[in-house]
Amino acid sequence: MTGYDLHTHSRASDGVYAPDALVARAAAAGIRTLALTDHDTTAGLAEGQAAARQHGLQLVAGVEISVTWEKRTLHLVGLAIDPTHAPLAAGLLELQQIRAQRARTIGQRLEKAGLPGIYEEACRLAGDGMMTRTHFAACIARRGLAADMRDVFNRYLSTGKPGHVPTCWVAMETAIGWIRGAGGIAVLAHPQRYKLSGGWLRRLAGEFRDMGGEAVEVLSGTAAPGDVQASADLARRHGLLASCGSDFHGPDEAWPKLGRLPALPAGLTPVWECWRAASPPPAPRPWP
Ligand code: AMP
Ligand code: MN
Ligand code: MN
Ligand code: MN
């Protein structure tokens, strides 16, 4: 285990735990450096930082930004960002408005598909956090309409299904600009999840690097063993740093356990060797 987990979610978006509870769990799991990377929001970071000080772990300020590239939705993780940087904050606000509108449309479509009150139920579940498809999926699963979360996505929320709403997020270059402007490092998240061919993935990684992207998530909680090798090759070929993150959302069996990540494959430079944030993460206190 590396002691680093650079991709996690809290209740500020679609995670199960509040930021302070997430940090407590991470500390108990032996994580020494944790990035909180909620979808299109930095709202959980202040609470996370306070908890990190209590638990003696290093919290890296992060975000997972939804981008559109070649008509596909991709995710970029921003690490060691300054969340108060005005262009980043304004950009995230735009994405939050897109999310709110999209959630209303998802609700209307699911309602038509025979799920009355689903929007209100998903809103209650999300609370103050970003509305994501995960919230709709959890509500649908609770109604017993699918076997598990994956099944819900396949039946209701994936492309071509009743609750699917094609969404135009932000351009990849714009999101990279926000992250870099905020002193952070842009990471291409879970590259093997996009169902791209090898050729498309190489094109993506090349364009991402040319736009100022610096790292690729080589170890992701949801990756299969072959995926790790493919992502490692991508990092080497394009001269990208390597990141690792569980993409932890909660104790659900469908997701990996927080921080159970092996070491990075040899020959890669870990992203944490290159923090160059405007305000670098605080040094961790000695581990008890
Ligand atoms: P959104 O950004 O609102 O489209 O929601 C995307 C989130 O849905 C991802 O970050 C995952 O947490 C979750 N998700 C996507 N696909 C699946 C799946 N097949 N099973 C479970 N959760 C999923
Ligand atoms: Mn998510
Ligand atoms: Mn993601
Ligand atoms: Mn994620």
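It should be emphasised that the depicted structure is a prediction, and the values quoted were computed from it without experimental measurement.

1. Quick notes on the nonpolar core
Note on soluble globular proteins: their nonpolar side chains tend to be buried together. Grouped together as the largest cluster of nonpolar side chains are 67 residues, with contacts concentrated most on Ile-65, Leu-76, Met-172, Leu-204 and Val-218. A per-element tally of this core places strand S3 (residues 58-69) first, with 7 residues. Each residue touching Leu-204, except ones within four places of it in the same chain, is listed here: Trp-69, Leu-74, Met-172, Leu-188, Tyr-194 and Leu-196. Met-131, Ala-137, Ile-140 and Leu-157 belong to the second-largest nonpolar core, a separate cluster that totals 18 residues.

2. Let's talk about the packing of aromatic side chains
Here the structure, examined in full by the defined rule, presents 3 aromatic pairs. With centroids separated by 6.2 Å and ring planes inclined at 5°, the aromatic side chains of Tyr-17 and Phe-248 adopt a geometry described as stacked. Note that Tyr-17 is positioned in the loop between strand S1 (4-5) and helix H1 (19-28) and Phe-248 in the segment after strand S8 (241-245), a separation of 231 residues in sequence. Considered together, Tyr-17 and Phe-248 belong to a single accessibility category, that of buried residues. Judged by centre distance (5.8 Å) and plane angle (80°), the ring pair of Trp-69 and Trp-200 falls under edge-to-face. Of the two residues, Trp-69 sits in strand S3 while Trp-200 sits in helix H8 (residues 198-210), which places them 131 residues apart along the sequence. Among the residues examined, Trp-200 registers a relative accessible area of 31% and is labelled partly exposed. Directly above the ring of Trp-200 sits Arg-72, whose terminal nitrogen or CZ lies 5.1 Å from the centroid.

3. A few points about the pattern of salt bridges
What the rule picks out here adds up to 10 salt bridges. The shortest N-O distance in the salt bridge between Arg-142 and Glu-121 comes to 3.3 Å. Within this pair, whereas Arg-142 is found in helix H5 (residues 133-142), its partner Glu-121 is found in helix H4 (residues 118-126), the two being separated by 21 residues in sequence. The partner of Arg-143 in a salt bridge is Glu-121, with the nearest N and O atoms 2.7 Å apart. One end of the pair, Arg-143, is in the loop between H5 and helix H6 (149-157); the other, Glu-121, is in helix H4, and 22 residues separate them in sequence. Among the residues examined, Arg-143 registers a relative accessible area of 31% and is labelled partly exposed. One salt-bridge network, in which partners are shared between bridges, spans Glu-70, Arg-203 and Glu-207.

4. Observations regarding the site of ligand 1
Inspection of the region around ligand 1 gives 12 residues, with His-39, Arg-99, Arg-102, Arg-133 and His-249 positioned closest. In this structure, an oxygen atom belonging to ligand 1 sits 2.7 Å away from a side-chain N or O atom of Arg-133. At a separation of 3.1 Å, an oxygen atom of ligand 1 approaches a polar side-chain atom of Thr-134. In isolation ligand 1 offers 500 Å² of accessible surface; the protein chains occlude 88% of this area. Of all the secondary structure elements, the ones that give two or more residues to the shell around ligand 1 are helix H3 (86-112), H5 and H6. No other element matches H6, which puts 3 residues into the shell around ligand 1. Partitioning the shell around ligand 1 into residue classes produces 3 nonpolar, 4 polar and 5 charged. Residue assignment places the shell around ligand 1 across two domains, with domain 1 (4-92 + 168-274) and domain 2 (98-157) each supplying three or more.

What counts, and where the lines are drawn
- Residues numbered from 1 in each chain as written.
- Chains lettered and ligands numbered in written order.
- Predicted model: local features only at pLDDT ≥ 70, side-chain atom pairs only at ≥ 80, totals over all residues.
- Heavy atoms only, no water.
- Core = buried A, V, L, I, M, F, W, Y, C linked by side-chain atoms within 4.5 Å.
- Buried < 20%, exposed > 50% of the residue type's maximum accessible area, 1.4 Å probe, protein only.
- Helix = DSSP H or I, 4+ residues; strand = E, 2+ residues; numbered from the N terminus.
- Contact = heavy atoms within 4.5 Å.
- Phe/Tyr/Trp six-rings, centres within 6.5 Å; stacked < 30°, edge-to-face > 60°.
- Lys NZ or Arg CZ within 6 Å of the ring centre and 35° of its normal.
- Salt bridge = Lys/Arg side-chain N within 4 Å of Asp/Glu carboxyl O.
- Near = heavy atom within 4 Å.
- Polar contact = N/O pair within 3.5 Å; in protein donor to acceptor, adjacent residues only side chain to side chain.
- Areas by Shrake-Rupley, 256 points an atom, 1.4 Å probe, with all protein chains shown as cover.
- Nonpolar A, V, L, I, M, F, W, Y, C, P; charged D, E, K, R; others polar.
- Domains from an automatic or database assignment.

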